[in-house]
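Working through the structure, step by step
Residues per chain are reported as follows:
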Amino acid sequence: MNKIKYCFASLLFLFGALGMAQEEEVKEERKPGHYNQSKFKQLYEEFSTPNTYRSASGAPGPDYYQQQADYVMNIELDDKNAKIYGEETITYHNNSPEDLEFLWVQLDQNVRAKDSKSPLRNGNGVNFAYTAGNFAQTYVTEPFDGGFNIDFVKDASGKPLSYTINQTMMRLNIPQPLKSGEKISFSIKWWYNIPDHTVNRARSGFEYFAKDGNRAYVIAQFFPRMAVYSDVEGWQNHQFWGSGEFALPFGNYDVSITVPADHVLDATGVLQNRDEVFSKEMMKRYKQAKKSYDKPVLIVTQEEAEAAEQGFSENKKTWKFKATNVRDYGFATSRKFIWDMQAVKIGGKDVMAVSLYPKEGNPLWEDMSTKAVVQTLHTYSKHTFDYPYHKAISVHAKNQGMEYPMICWNYGRPNEDGTYSDRTKYGMISVIIHEVGHNFFPMIVNSDERQWGWMDEGLDTFMQYLAEQEFGKNFPEVVAPNENYPSRRGEPSKIVPYMSGDQDFIAPIMSNPENVYKLGPNAYGKPATALNILRETVMGKELFDHAFKTYAQRWKFKHPTPEDFFRTMEDASAVDLDWYWRGWFYTTDYVDIGVKGVKKYYVSSKPNQEMQKYMEDRNLTEADFPPLVYLAEEDSEDFLPELKGKSPTEISQNLKEFMMDNMTAEERAQVEEPKFFYEITFDKPGGIPMPLIVEYTYADGSTESVTYPPEIWRKNDAEVKRVLATQKELVGIVVDPKLETADIDTANNSWPKKEEKSDFDKFKESIKGK
Ligand SMILES: [Zn+2]
């Protein structure tokens, strides 16, 4: 529509009797208190008050601080008995302005201890079926004897340090408070029995391969780790129950890991003694891999791994690593591992994309793992910051999907004969993208997973969708050129079953991960979809991408909170999103917007009955008003059929005179007078306000798309009317025609209603024929 036509339509309704009636109608519909509970109210009550640590803009404030924990560790794996032994010296830097009377250390392995309360925390009935391993462990065998055995805790001078263990947390009772700005060193020695992670989904442990008698280890949460102390939580010492993941400070690691000499091992950090642990042949291949930007180079071949499986070295080898500014540590080791690497250029620097997998992962793993790592580094770096570490490793471990700095464990195993389904293939690529992606959230943008699962899972799953779609385009040998990557999460329609489900089993995204019913859709799917819709439909890609990148850049190597994210997204875009955060993140509301009814009007030569009554009641005549233009509804007694088909200026002398007085001849010549006036009522049974996306179809087959901003719902959350003035007859309306908003019920999205749609379809077909 051009500008003059808009003016024309608004003039009609400014003075029109219909306009007056409409104002009153809206007031009547408003329920008491409705305005005060506006979905567009700012989130002052939900958000914490900005302060000098965290600014109102969402950026770190001038007094922002974070603690640092450095580790020197000696670790030894006893492969025969599946035990791990460790000794560490932690140096803890108190950068907070407060003195600390005690320190909290996390003992996550204690979730597997015999006396763990974790298995007792859930009410449960009988299952109809159990996995054999799970059944045996639950009902037949002794509980697994896991958990840390602490040999000692000593201060820097070697004297025992008093400590108190409360389940998965250990309080160090230091003799004097650790003063602000000072540091303290202490040592801990421990050992524990490594669990079989395939039995009850432990996040780390071993898989036993009965055919060759070997184990493949993926080891994490294996050392006592410092808890986070921050301006937000004080000590984050909420117990590890199993669902709420981890909160960890950054620090530098110096780690020596001793394993059987025939093991292949990779870990967080830069390998310090490569020429001691690599054979000459491996060194040669490694040098090739560093220059191979187009495909992986095998450092250990399948043939070599299969040969190693046959032995069991009694000798030991120590692998030494150093890692700077990481929040955690993990490693994988086995004599079964095949190893490949390729180089990737990220921001002018070389990063190694690495995969480790037993032969059971092939042929899938040699074909696709490193490809998925490469794509992840490219896509995520583009949207956040250049991947800062020197390598990213994907390790194949049955049923695993877990992330650590530079290294992660991933599922995706072909059948024994090497065949695999599309489901296995795409599941594997997706989990690799997801877990490697976790390097960005939460390993570098270091949010508190124990409190907010969605801050890493939601953001990562959103980015995963973007990376999957790019993977689909970049690897035509994996995803056919005319197909899109079949992403499991991200598309708006995919979250509809969850959001439209039983409200008794849905929690807001802003919930602790321990307390939600379905963690997958709650912390992964819904926030990912919310961000995808925000990007594609609400903000637009340019504004969203800049704001999202701003958040990542502001908070890389720092500890953000939800508000820091919410505030930054607004700060960098000038889009008020409080209504969006409220609807999607703080409530369990869903989206349902529809078209309720359409009334058709023509310009009339006399006031309608309502207007006549209005004048009679107040003893007014037409002379008491400025010159008026009238509209009459087609399906009413006011309608004068003889006026149909005439232009507004032919019918209304007032309008004709107004135009003569206020417009030049040239302007009048440009005017295209509308003939039809439609009053369209849109309704919103769903609680979340969203942009009202409408496609109008006209009798000549043309369509027009209009997006009314979400603020259209700000004064009436249930229903809004719009007037459409047009030269062409309106024959169809569809709300959200491209299914962009996760609308849970599309039965109310069309006019004429869907059951009448056959006529509309017939009409559309008749147009097509012409
Ligand atoms: Zn995840």
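Residues numbered from 1 in each chain as written. Predicted model: local features only at pLDDT ≥ 70, side-chain atom pairs only at ≥ 80, totals over all residues. Heavy atoms only, no water.

Naming follows an unreviewed UniProt entry, where the protein appears as M1 family peptidase of Flagellimonas allohymeniacidonis.

Description of the overall build of the protein
Our working definition: Helix and strand assignments follow DSSP, with helices taken as H or I runs no shorter than four residues and strands as E runs no shorter than two, numbered in order from the N terminus. Burial classes: relative accessible area under 20% of the type maximum marks a residue as buried, over 50% as exposed, and values in between as partly exposed (1.4 Å probe, protein chains only). Working rule for contacts: check all heavy atoms of both residues, and any pair within 4.5 Å makes them a contact.
Each helix and strand in the protein was counted, giving 21 helices and 31 strands. Taking the principal axes of the C-alpha coordinates as reference, the protein spans close to 105 × 65 × 55 Å. Relative to its full complement of 770 residues, the protein shows a buried share of 54%. Pairs at least 24 apart in sequence give 76% of the contacts found in the protein among residues at least 6 apart.

A word on the coordination of the zinc ion
Stated precisely, the cut-off is as follows: Metal donors were taken as nitrogen, oxygen and sulfur atoms no farther than 2.8 Å from the ion, or 3.2 Å where the ion is Na, K or Ca. Water is excluded, so coordination may look unfinished.
Bound to the zinc ion on the protein side are H434 (NE2), H438 (NE2), E457 (OE) and E457 (OE), at distances that span 1.9 to 2.7 Å. The motif formed by the donor residues of the zinc ion, counted along the single chain, is H-x3-H-x18-E. For the pair formed by H434 and H438, the shared burial category is buried.

Things to note about the domain arrangement of the protein
Our working definition: The split of the chain into domains comes from an automatic or database domain assignment. A simple way to read buried area is as the amount of 1.4 Å-probe accessible surface that goes missing from two parts once joined, with both sides added. Every case where a carboxyl oxygen of Asp or Glu lies within 4 Å of a side-chain nitrogen of Lys or Arg is listed as a salt bridge. In the analysis that follows, any N or O atom pair within 3.5 Å is treated as a polar contact, provided that within protein one partner can donate a hydrogen and the other can accept it, and provided that, for residues neighboring in sequence, both atoms belong to side chains.
We note that the domain assignment places domain 1 (38-63 + 452-589), domain 2 (68-120 + 136-451) and domain 3 (591-769) within the protein. Computed over C-alpha atoms only, the centres of domain 1 and domain 2 are separated by 27 Å. Opposite the 44 residues of domain 1 that make contact, domain 2 presents 44 residues. Each partner contributes to the roughly 3,900 Å² buried at the junction of domain 1 and domain 2, and carbon and sulfur atoms together form 59% of this total. Inspection of the region where domain 1 meets domain 2 yields three salt bridges. D231 is paired through a salt bridge with R54; the nearest N and O atoms lie 2.8 Å apart. The interface formed by domain 1 and domain 2 holds 26 residue pairs in polar contact (both at pLDDT 80 or more) in total. Secondary structure elements with two or more residues in the side of domain 1 that touches domain 2: α11 (453-474), α13 (519-539) and α14 (541-555). Examining the composition of the side of domain 1 that touches domain 2, we find that 15 residues originate from one element, α11, more than from any other.

Considering the sheet that holds strand β25 (residues 630-633)
Using the following cut-off: We call two strands paired when DSSP finds no fewer than two bridges between them. Axis definition: a line fitted to C-alpha atoms, limited for helices to the stretch in contact. Angles are taken between N-to-C directions and run from 0 to 180 degrees.
Read across the open sheet, the four strands follow the order β25-β24-β26-β29; overall the sheet is antiparallel. Of all the strands in the sheet, just β25 and β29 (719-726) have a single pairing partner and so form its edges. On average, each strand axis in the sheet is tilted by 30° relative to the strand beside it, whichever way the strands run. Taken together, the four bridges between strand β24 (residues 594-604) and β25 define a ladder with antiparallel strand orientation. Considered in β25, the bridge of Y602 is made with A632.

Considerations on the pattern of salt bridges
Counting across every chain of the model gives 40 salt bridges. Among the ionic pairs, E245 bridges to R203, the shortest N-O distance being 2.8 Å. One end of the pair, E245, is in the loop between β12 (234-235) and β13 (251-260); the other, R203, is in the loop between α4 (197-200) and β8 (205-209), with 42 residues separating them in the sequence. For E245, a relative accessible area of 7% puts it in the buried group. R285 is paired through a salt bridge with E304; the nearest N and O atoms lie 2.8 Å apart. Taken together, the residues span a long stretch of sequence, with R285 in helix α6 (residues 280-289) and E304 in helix α7 (residues 302-309) at a distance of 19 residues. Since its relative accessible area comes to 13%, R285 is described here as buried.

Focus: the sheet that holds β8
Strands pair in a sheet through their backbones, by hydrogen bonds, and they do so in one of two ways: parallel or antiparallel. An order of β8-β9-β18-β14 is seen for the four strands of this open sheet, with the pairing classed as antiparallel. Two strands in the sheet have a free side with no partner beyond their single neighbour: β8 and β14 (264-267). The average angle at which neighbouring strand axes cross in this sheet is 10°, direction not considered. Here β8 runs beside strand β9 (residues 214-219); their pairing, made up of five bridges, is antiparallel.

Concerning the packing of aromatic side chains
What counts, and what does not: Ring geometry is summarised as follows: Phe, Tyr and Trp rings, the Trp one being its six-membered ring, pair when their centres sit within 6.5 Å, and such pairs are stacked at plane angles under 30 degrees, edge-to-face over 60 and tilted between the two. A ring has a charge above it when a Lys NZ or an Arg CZ is no more than 6 Å from the ring centre and no more than 35 degrees off the ring normal.
Under the defined criterion, the tally for this structure stands at 61 aromatic pairs. Here the aromatic rings of Y130 and F135 are separated by 5.6 Å at their centres, their planes lie at 75°, and the arrangement is edge-to-face. The ring of F246 carries R225 above its face, with NZ or CZ at 4.8 Å from the centroid. Stacked on the ring of Y286, the Lys or Arg R274 has its end atom at 3.8 Å from the ring centre.

Focus on α14
The α-helix winds at 3.6 residues per turn, so residues separated by three or four positions along the chain end up facing the same way. Just so we agree on the cut-off: Any helix carries an expected span of 1.5 Å times its number of residues minus one.
Taking 1.5 Å per residue as the helical rise, α14 with its 15 residues ought to reach 21 Å, and the 21 Å between its terminal C-alpha atoms agrees with that figure. The complete set of buried residues in α14 reads F544, A547, F548, T550, Y551, A552 and W555. Buried residues belonging to α14 abut α8 (364-383), α10 (439-444), α11, α13 and α15 (562-571). Positive backbone phi, approximately 60°, marks F557, located one or two places after α14.

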